[in-house]
Amino acid sequence: MDEVPWEQLGYWSGGGEAVAGLLREIASASPGEMAESSVGRLGGGLFRGSDRNEVYGAAPYLVPYLVELIGVVQQPSRGLLVDLVTDIAVAQPYRDVRDPWPGRDHAALARAAMAGKADELVRFLGDGSSRVVAGMARLLACLPEAAPTWVPALRARAEKGVKPTPDAGAAACVLAVAWLAAAESAEWFAGLLDSAAHRDLRAAAAVGVSLADPATDTESDTAVRLIADALADPGAVFERFEWDGDGLTPLGSALIRAEHRQRTVARDLLSRRGLREVDRALDIAWEAIRHWRAAPSELLPAVAELVRDLAAGPPSARRRRGFMRGPVESAVELIAESGQAAAEYADLLAEMLIGEPGEPWPTVAYPAVVGLARLGDSRCVPWLVAAFLDKAGQVKHLDAMDVLPSMTAHADALLPAMLKYLRSPRHGDPDDLRLLEALVTWGSAAAPLVSAIADRMQMFVGLALPLFGAIGPAAEEIVPRVRVLLDDERYEDVAAWAMWRITGEMGQAPAVLTDRLARGSGHLARDIGPLLEDLGPAAPAAVPVLWKQLDDAEHGHLYDRVAIARALWAITGDGDGLVAPLLSAITARPLPEEGFRRAAPALLAVEALGRLGSAAEAAVPEVEVIAYGRARVTERAVWGDEEYRRTARRALNLITRRPGAAAGHLPTCDSQELP
């Protein structure tokens, strides 16, 4: 352990030296002793962000130690360690600026290390802890490259669970086979449906049958009811282990891959009115709508009917459990977050605006306000006004990036309250930062706020300057303040750009931006690239610097190559060599919903491919999938996915010069028109 350069491979409190100490703490923990904190701290330095989507370079080095620790029978945190290894298995590699080996796929190397421990991992399927067995089945399901090794062992362990008593480990093994080899195991699943004595094992087998032929739209009422009953039962074995997804049981997570069966089960549960059934129905419907583009048109009518029934029923039918929201609030949020399909239910969202905007809001009002604001519906204006007037603290529960971009048409009604909000005594409130980001989308409509923002400018100069630039000539009053910042090397680049946007005078903006990019290398491309793109042909001096960073063999993987490619195209109009870096930004899944203080790089890449026109013909297949595929390209963001769809369709039209012809052979995901 002490020979691994941990300090170069992750971000642990206490530095790389802490890793060996944490591993020893976990190994030496006694039965009954709480070692969770050590496992948590070990994982905390291994991933970028709390969602654990990107893993650092330490992952392949840690895998052997983690597998060894799982094998220590008396170790009290074995289940947590299995979960940690699984998080590594499903993560993407993070390109660390300190990476001493640029270009290495840390996640792939970690999965290879797991496959190299195949014998040890398979032996854990016979462990005496159902928690370990279930977690191991989930881990193996995430390693399809070694499926020929895993599947026989998973089947053998599952067949031990055909007895009448519940067996979480056996159920997890069935789901793992369903993920790894569903089509090849169709007869095996059918046999379990007939022979397994316990309902939950049969329900897992029913999911396997669904995944064996996920494209079929013929459904067995018996299988649907079997799965729905297991989902609705709080005593089901699926409540004892995790699989994948947010707040879903393993059954619901596995169903994500069976589009039609998933929606059929959701409809069955939505027709029931017990609190448990409603909770599970909303979970499954949520996951279906987040994953499949055709789901809203099929499921939202039943969700809306559920809202009306619960709202009209006795309070006991919509009560909350502890601090959890009730089913009405969850259902309204589901509608609000379902993209443009929510427009059909705007009247229902408006009905949920109960009470007076200036009084404490009922819980159901929050998602209703957000949904109406995303649709640009004026009925939410009084509530947004009250929020910005800080009545009962409402503004702290709203994200300006959710509610403002689509409300530009109602700016006049909102501006007085926003002025008062900005002039109230606060000190660097995070809500202010999101507000400034959102106002960039308003452009010149935000001009009446310039003086109020200028008064607080010292708190967030880096965000105020892009906003002033977006407002343009209407922000003329701020020019003296911006001119001063031209001599501040922290802000000189954005200040020079903002001066040009406001005054129309190019001045030294091209030279300042080029010099800043050259001095900061490609790490600043995310920030400087869009400004150079905006300058366009006026910044030819930046071209050599941009090309040098785009083609940087050693560090290029660390840079925002989308921003560099877009700037090169805007300046030169020459797309040669730009398709590949743009295309590489849109092939991973999921695509990000948003970037840092601007649109997601992947979305900008799709847009840029369209601008390249016929030169981007090689990208057409990938752009077609984004534009017309059945599955969403984002992970949980329906509105974000729809923005990708709109952008991809426009890009295809520009690339092919034949609107709609590029994807003629692809089935459209639904009839929903995207404005």
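Caption draft 1: Region of the structure containing the overall build of the protein. Regarding its fold elements, the protein presents 35 helices and 3 strands. Projected onto its principal axes, the C-alpha coordinates of the protein cover approximately 80 × 65 × 55 Å. The proportion of buried residues among the 675 residues of the protein is 54%. For the protein, long-range pairs separated by at least 24 residues make up 69% of all intrachain contacts whose partners lie at least 6 apart in sequence. Per element, the accessible surface of the protein, about 28200 Å² overall, is 51% carbon and sulfur. Considering the protein, the positive charge centre built from 69 side chains and the negative charge centre built from 92 side chains are found 2 Å apart.

Caption draft 2: Inspection of the confidence of the model for the protein at higher detail. Summary statistics for the protein give a mean pLDDT of 88 and a share of 90% for residues scoring 70 or more. Taken element by element, the protein is modelled with least confidence in strand β3 (residues 92-93), mean pLDDT 82, and with most confidence in helix α18 (residues 346-351), mean pLDDT 98. Overall, residues 660-672 carries pLDDT values under 50, and its contacts beyond four positions in sequence, including any with other chains, amount to 24 contacts.

Caption draft 3: Representation of the environment of Ala-215 in the model. Within the secondary structure layout, Ala-215 lies in the loop between α11 (199-212) and α12 (221-232). Exposure remark for Ala-215: the relative accessible area of 64% places this residue in the exposed category. The spatial distance from the C-alpha of Ala-215 to the C-alpha of His-260 is 7.2 Å, given a sequence separation of 45 residues.

Caption draft 4: Region of the structure containing the nonpolar core. One finds Phe-238, Leu-404 and Leu-532 to be the most contacted residues of the largest nonpolar core, which totals 242 residues. When residues of this core are assigned to their parent elements, the largest contribution, 13 residues, is made by helix α9 (residues 168-181). Beyond its immediate stretch of four places on either side in the chain, Leu-404 contacts Phe-388, Leu-414, Met-418, Leu-435, Ala-438, Leu-439 and Trp-442.

Caption draft 5: Region of the structure containing the sheet that holds strand β1 (residues 47-48). One open sheet holds the 3 strands; their spatial order is β1-β2-β3, and the pairing between them is mixed. Sheet topology places β1 and β3 at the edges, where each strand pairs with a single neighbour. Two elements, β1 and strand β2 (residues 54-55), share 2 bridges in a ladder whose sense is antiparallel. Bridge pairing in β2 links Phe-47 to Val-55.

Caption draft 6: Local environment of helix α19 (residues 365-374). By the criterion of burial, α19 is predominantly enclosed, with 10 of the 10 residues buried. Those residues of α19 that fall on the buried side of the exposure criterion are Ala-365, Tyr-366, Pro-367, Ala-368, Val-369, Val-370, Gly-371, Leu-372, Ala-373 and Arg-374. Packing partners of the buried residues in α19 comprise α17 (327-336), α18, α20 (381-388), α21 (400-403) and α35 (638-656). Phi for Gly-376, located one or two positions after α19, is positive at around 75°.

Caption draft 7: The arrangement of the packing of helix α28 (residues 509-520) against helix α29 (residues 525-535) in detail. Interhelical geometry of α28 versus α29 gives an angle of 155° and a closest axis separation of 10 Å. In terms of orientation, α28 and α29 fall into the roughly antiparallel class. The handedness of the crossing between α28 and α29 is left-handed. Across from Ala-509, Pro-510, Leu-513, Thr-514, Arg-516 and Leu-517 in α28, the residues of α29 making contact are Ala-525, Ile-528, Leu-531, Leu-532 and Leu-535. Split into classes, the residues belonging to the contact of α28 with α29 amount to 9 nonpolar, 1 polar and 1 charged.

Caption draft 8: Representation of helix α33 (residues 601-612). In a regular helix each residue adds 1.5 Å, so 12 residues correspond to 16 Å; α33 covers 16 Å between its end C-alpha atoms and thus fits that length. Buried residues dominate α33, accounting for 9 of its 12 residues. Backbone geometry just downstream of α33 places Gly-613 in the positive-phi region, at approximately 65°.

Caption draft 9: Main features of the packing of aromatic side chains. This structure, assessed with the given rule, holds 10 aromatic pairs. Here the aromatic rings of Tyr-11 and Tyr-56 are separated by 4.8 Å at their centres, their planes lie at 50°, and the arrangement is tilted. Of the two residues, Tyr-11 is situated in the segment before α1 (17-28) and Tyr-56 in the loop between β2 and α3 (59-70); the sequence distance between them amounts to 45 residues. Owing to a relative accessible area of 38%, Tyr-11 belongs among the partly exposed residues under this scheme.

Caption draft 10: Structural view of unusual backbone geometry. Arg-589 connects to Pro-590 through a cis peptide bond whose omega is 0°. Secondary-structure assignment places Pro-590 in the loop between α32 (579-584) and α33.

Caption draft 11: The pattern of salt bridges, seen in detail. Under the criterion given, the structure shown has 43 salt bridges. The residue Glu-239 makes a salt bridge to Arg-276 at a minimum N-O spacing of 2.7 Å. Residue Glu-239 is located in the loop between α12 and α13 (250-255), and its partner Arg-276 is located in helix α15 (residues 275-291); the two are separated by 37 residues in the primary sequence. Looking at Glu-239, the relative accessible area reads 33%, which means it is partly exposed. Arg-276 gets classed as buried once you look at its relative accessible area, which sits at 17%. Each of the salt bridges in this network shares a partner with another, and the network as a whole consists of Glu-259, Arg-263, Arg-267, Glu-298 and Arg-630.

Caption draft 12: Expanded view of the environment of Arg-325. Relative to the assigned elements, Arg-325 resides in the loop between α16 (295-312) and α17. Take Arg-325: its relative accessible area is 41%, and that puts it in the partly exposed class. Between the alpha carbons of Arg-325 and Val-620 there is a distance of 44 Å; along the sequence they are 295 residues apart.

Caption draft 13: Structural view of the packing of helix α34 (residues 620-628) against α35. Two elements in contact, α34 and α35, have axes whose closest approach is 7 Å; the angle formed by their N-to-C orientations is 140°. In this view, α34 runs oblique relative to α35, as classed from their interaxial angle. The way α34 lies across α35 gives a crossing that is left-handed. Across the interface between the two elements, Val-620, Val-623, Glu-624, Ile-626, Ala-627 and Tyr-628 from α34 touch Tyr-644, Arg-645, Ala-648, Arg-649, Ala-651, Leu-652, Ile-655 and Thr-656 from α35. For the contact of α34 with α35, a count of residues per class yields 10 nonpolar, 1 polar and 3 charged.

Caption draft 14: Representation of the environment of Val-369 within the structure. Position of Val-369 among the secondary structure elements: in helix α19. Placed 200 residues apart in sequence, Val-369 and Trp-569 show a C-alpha to C-alpha distance of 40 Å. When neighbours within four sequence positions are excluded, Val-369 is seen to be in contact with Leu-353, Trp-361, Cys-380, Trp-383 and Leu-384.

What counts, and where the lines are drawn
- Residue numbers restart at each chain and count upward from 1, following the sequence in its written direction.
- Predicted model: local features are reported for residues with pLDDT of at least 70 only, side-chain atom pairs are reported and counted for 80 or more only, and whole-chain, interface and lining totals are derived from all residues.
- The side-chain numbers reported here are obtained from all heavy atoms of the structure, hydrogens and water having been left aside.
- Helix and strand assignments come from DSSP, with helices taken as H or I runs of at least 4 residues and strands as E runs of at least 2, each series counted from the N terminus.
- For every residue, the accessible area (1.4 Å probe, protein chains only) is compared with the maximum for its type, and the residue is labelled buried under 20%, exposed over 50%, or partly exposed between those bounds.
- Residues are treated as being in contact if the distance between any of their heavy atoms lies within 4.5 Å.
- In these tables, accessible area is a Shrake-Rupley quantity obtained with a 1.4 Å probe, and a residue counts as shielded only by the protein chains included in the view.
- Only four residue types enter the charge count, namely Lys and Arg as positive and Asp and Glu as negative; His and the chain termini do not.
- Taken as the charge centre is NZ of Lys, CZ of Arg, CG of Asp or CD of Glu, depending on the residue.
- Per-residue confidence from the predictor is reported as pLDDT, which spans 0 to 100.
- The definition of a nonpolar core used throughout is a set of buried Ala, Val, Leu, Ile, Met, Phe, Trp, Tyr and Cys residues joined through side-chain atoms within 4.5 Å.
- Only strands joined by at least two bridges in the DSSP assignment are considered to pair.
- In this analysis an axis means a line fitted to C-alpha atoms, helices contributing only their contacting stretch, and an angle means the value between N-to-C directions, from 0 to 180 degrees.
- Roughly parallel here means an angle under 35 degrees, roughly antiparallel means over 145, roughly perpendicular means 65 to 115, and every remaining angle is called oblique.
- Left-handed describes a crossing whose near helix is turned anticlockwise from the far helix through less than a right angle; right-handed describes the clockwise counterpart.
- For this scheme, ten residues count as nonpolar: Ala, Val, Leu, Ile, Met, Phe, Trp, Tyr, Cys and Pro. Four count as charged, namely Asp, Glu, Lys and Arg, and the remainder, Gly too, count as polar.
- Expected helix span is taken as 1.5 Å per residue step, with the number of steps being one fewer than the number of residues.
- Pairing of aromatic rings covers Phe, Tyr and the six-membered ring of Trp, with a centre-to-centre limit of 6.5 Å; geometry is then stacked below 30 degrees between planes, edge-to-face above 60, and tilted otherwise.
- We define a salt bridge as a contact between a side-chain nitrogen of Lys or Arg and a carboxyl oxygen of Asp or Glu at a distance within 4 Å.

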